[in-house]
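Fold and contact review
Spelled out from the first residue to the last, the chains are:
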Amino acid sequence: MQSTLEAVECWVLRAPIAEPLANAFGAMSSRPAVFVRLSASDGAWGWGEAFCNFPQVGAEHRARLVDSIFAPLLKGASADDITALRTLMETRTRQMVIQCGEPGPFAQVAGAIDQAMWDMAARRAGVPLWKHLGGARDHVNAYASGLGPDRVVDVALAKRAQGFRAFKLKVGFGAERDRRNLADLRAALGAAATIMVDANQAWDPSQAPARIAELAPFGPLWVEEPMLADESAQAWRTLAAASVVPLAAGENIRGRAAFDAALDGGWLRFVQPDVGKWGGISGCREVAAHAASRDVTLCPHWLGGGVGLAASLHLVAATGSAASYAEVDANPNPLREEVLEVALADGAAVLGSAPGIGVEPDLRRLRAYLVDTR
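Residues numbered from 1 in each chain as written. Predicted model: local features only at pLDDT ≥ 70, side-chain atom pairs only at ≥ 80, totals over all residues. Heavy atoms only, no water.

Some details on the side chain of R186
Following the sequence through the fold, R186 ends up in helix α6 (residues 175–189). This buried residue, R186, is left without a salt bridge; D184 holds the nearest opposite charge, at 11 Å. (Helix = DSSP H or I, 4+ residues; strand = E, 2+ residues; numbered from the N terminus. Buried < 20%, exposed > 50% of the residue type's maximum accessible area, 1.4 Å probe, protein only. Lys, Arg positive; Asp, Glu negative; His and termini not counted. Salt bridge = Lys/Arg side-chain N within 4 Å of Asp/Glu carboxyl O.)

As structure tokens, then:
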């Protein structure tokens, strides 16, 4: 007998932080999260998480979209057919998205719901999501993300002591500061350490080649989002041809057509879809398959709470290659730390054999961070 969705529930959480989390275009003054839970008529359930870092008021808005639009829309829908549910969300909200001009928030909510459907399916099957998705390994390379612009070496050494062997530095804070930070990081970690850099779209096409060339002597594996994600295909091709460091992007690409264009265009060596920004597990699996056919390495983006991080780790374990990396935020975040403890072994995150994504948020434990959105 087919099961149906009985409830789509949503919680907004916001954790204060001692110091704002800076990047090239602004700063986060708190750590927000939107956790979504689906419940089905057969007793099954699953969890997902929507992107809500920017703007800082975005978490409450995503939750209201869930409560006012997605929960009524999905009640009674099949809880067994993930593809059909994804199609239902896309077709029934398309007119609304056009009317209000908010493709991002709608896609983020849909991504969280898709994650929850896959978590539910794997829990029903009694297997971890990485295995349910056809993966053969329970571990994935992980890197400590979000280093900089301050205390770069101290944070990196602390993360190395925790078991990380790869590290990503934020740049875009001025040429001299960027170069000094990367030089210090390379000197402290040694030649064998894997280091990436993330410009967060900081440079324009005319600046980017010179900025990248200044960082190249320190051997970064990639430079991420060196310019605006929506620059023209020609601008990206030109930069890729001029860059002495491979390019990475994807967190700000939305939609299958846009990912196809980027992958077919040949300018990316690393692609970084985000399960909470567009596509959920379903869409990111499609991106992963296309990337593999183009010899582009899957390294998903994630910078939120523990639910989405768990989903991202399982995605990489199931669909990535031996060269793939999963992103694990190096900065304090109770909404990650109190939901998921990332177990590291020789630089790899070990997922284990718990059913689904392997996490069950304890909302009573997290009650100090809950936000009333009524």
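Here the narrative resumes.
Digging into the sheet that holds strand β14 (residues 370–371)
With respect to topology, four strands assemble into an open sheet ordered β3-β2-β1-β14, the strand pairing being antiparallel. The sheet is open, and its two edges are formed by β3 (45–50) and β14, each paired on a single side. Relative to strand β1 (residues 5–23), helix α1 (residues 58–74) is tilted by about 170 degrees, and along the sheet it contacts β1, β2 (26–40) and β14. Where helix α11 (residues 306–319) meets the sheet, its contacts fall on β2 and β3, and the angle it forms with β3 comes to roughly 100 degrees. (Pairing = 2+ DSSP bridges. Contact = heavy atoms within 4.5 Å. Axes fitted to C-alpha atoms, helices over the stretch in contact; angles between N-to-C directions.)

Quick look at the nonpolar core
Within the largest apolar cluster, 116 residues are counted, with the highest numbers of intra-cluster contacts made by V36, L38, I113 and V271. With twelve residues, helix α3 (residues 103–125) is the single largest residue contributor to this core. Grouped together as the second largest cluster of nonpolar side chains are eight residues, A166, W222, A248 and Y325 included. (Core = buried A, V, L, I, M, F, W, Y, C linked by side-chain atoms within 4.5 Å.)

Regarding the pairing of β3
Burial within β3 is extensive, with five of its six residues counted as buried. Alignment of β2 against β3, held across six bridges, turns out to be antiparallel. The residue bridging V36 from the neighbouring strand is G48, located in β3. Counting the residues between successive antiparallel strands, the hairpin from β2 to β3 contains four residues, one of them, G43, with a positive phi of roughly 90 degrees.

Considerations on α6
A rise of 1.5 Å per residue sets the reference length of α6, with its 15 residues, at 21 Å; its end C-alpha atoms lie 21 Å apart and thus fit the reference within 8%. Those residues of α6 not exposed but buried are D178, N181, L182, L185, R186 and L189. When α6 is viewed along its axis, its buried side chains cluster within an angular range of 130 degrees and face the same direction. Looking at α6, the residues exposed on the side facing more than 90 degrees away from the buried face are E176 and A187. On its buried face, α6 is in contact with β4 (139–147), α5 (152–162), β5 (166–170), β6 (194–198) and α7 (208–215). Looking one or two places after α6, you find G190, whose phi comes out positive at around 95 degrees. (Expected span 1.5 Å × (residues − 1). Arc of directions from axis to C-beta.)

Geometry only, nothing functional implied.
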